[in-house]
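Commentary on secondary and tertiary structure
Here is how the chains run, residue by residue.
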Amino acid sequence: QVQLVESGGGLVQAGGSLRLSCAASGSILSMNYMGWYRQAPGKQRESVATITRAGNTYHEDSVKGRFTISRDIAKNTVYLQMNSLKPEDTAVYYCKADPRGYGAYWGQGTQVTVSS
C-alpha cells in the first residue's frame, strides 16, 4: 500500500559524496522507523542507518562519521548523505519503512558504485 521511491544513486570516485532520497507515498510519521539498507553482490542485505518516529538516528559502525540519515517530514522524504565514499560502499541501497505490527515496505533500490 505504501510506495517508496529511491533516487540519487550513481557512479562516484572514492572520497566523493552522494545524497540518496527516499520519497514515500504517505506521511513517514506513520512508520515506527525508516531506514536505509544495502546489498552488495554475493552478500546479505544489511542495515546502514535508521531514523525512528521520534527522530532518533542510528548508523552502522562502518559508516559512522561518513553517512548521515535525516528526514523532511513535510516532503515525506528520508535522506542519506554519504560522504568520504569508499569502494566497499558499492551496493544497491534500499529504503525501508516499518510501521510496527505488520509487514515492512521496501523500495526497489538505487545503485551506488564507488570507483577506486
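Here's a quick rundown of the structure. Quick caveat, the model's predicted, so the values are computed rather than measured.

1. Quick look at the sheet that holds strand E8 (residues 77–82)
As summarised here, the arrangement of the 4 strands in space is E1-E3-E8-E7, forming an open sheet in which the pairing is antiparallel. In this open sheet, the two strands that pair with only one neighbour each are strand E1 (4–7) and strand E7 (67–72). With strand direction ignored, the average angle separating the axes of adjacent strands in the sheet is 15°. Of the pairings in the sheet, the one linking strand E3 (residues 18–24) to E8 comprises 6 bridges and is antiparallel in character. Among the inter-strand pairings, Arg-19 is bridged to a residue of E8, identified as Gln-81.

2. Some thoughts on the pairing of E8
In terms of burial, E8 is a largely internal element, 5 of the 6 residues being buried. With 6 bridges connecting them, E7 and E8 associate as antiparallel partners. By the bridge assignment, Ile-69 is partnered in E8 with Leu-80. Taking the residues between adjacent antiparallel strands as the criterion, E7 and E8 are bridged by 4 residues, where Asn-76 takes a positive phi near 55°.

3. A few points about unusual backbone geometry
The backbone phi angle of Asn-76 is positive, close to 55°, even though this residue is not glycine. With respect to the helices and strands, the residue Asn-76 is situated in the loop between E7 and E8.

4. Some remarks on the state of the cysteines
The final tally for this structure, using the stated rule, is 1 disulfide. Here Cys-22 is linked by a disulfide to Cys-95, with a sulfur-sulfur distance of 2.0 Å. Residues Cys-22 and Cys-95 are joined by a disulfide whose S-S torsion is about -80°; by sign, that bridge is left-handed. One end of the pair, Cys-22, is in strand E3; the other, Cys-95, is in strand E9 (residues 91–98), with 73 residues separating them in the sequence. As far as burial versus exposure is concerned, Cys-22 and Cys-95 are alike and both buried.

5. Considering the packing of aromatic side chains
If you walk through the whole model with that rule in mind, you get 2 aromatic pairs. When the ring of Tyr-37 is compared with that of Trp-106, the centres are 5.1 Å apart and the planes differ by 65°; the resulting orientation is edge-to-face. Taken together, the positions of Tyr-37 in strand E4 (residues 33–39) and Trp-106 in strand E10 (residues 105–106) put the pair 69 residues apart, joining distant regions of the chain. Overall, Tyr-37 belongs to the buried group, its relative accessible area being 12%. Ring centres of Tyr-94 and Trp-106 lie 6.5 Å apart, and the angle between their planes is 80°; on these two criteria the pair is classed as edge-to-face. Placement of Tyr-94 in strand E9 and of Trp-106 in strand E10 is noted, with a sequence separation of 12 residues between them.

What counts as what
Residues numbered from 1 in each chain as written. Predicted model: local features only at pLDDT ≥ 70, side-chain atom pairs only at ≥ 80, totals over all residues. Heavy atoms only, no water. Pairing = 2+ DSSP bridges. Helix = DSSP H or I, 4+ residues; strand = E, 2+ residues; numbered from the N terminus. Axes fitted to C-alpha atoms, helices over the stretch in contact; angles between N-to-C directions. Buried < 20%, exposed > 50% of the residue type's maximum accessible area, 1.4 Å probe, protein only. Disulfide = S-S within 2.5 Å. Phe/Tyr/Trp six-rings, centres within 6.5 Å; stacked < 30°, edge-to-face > 60°.

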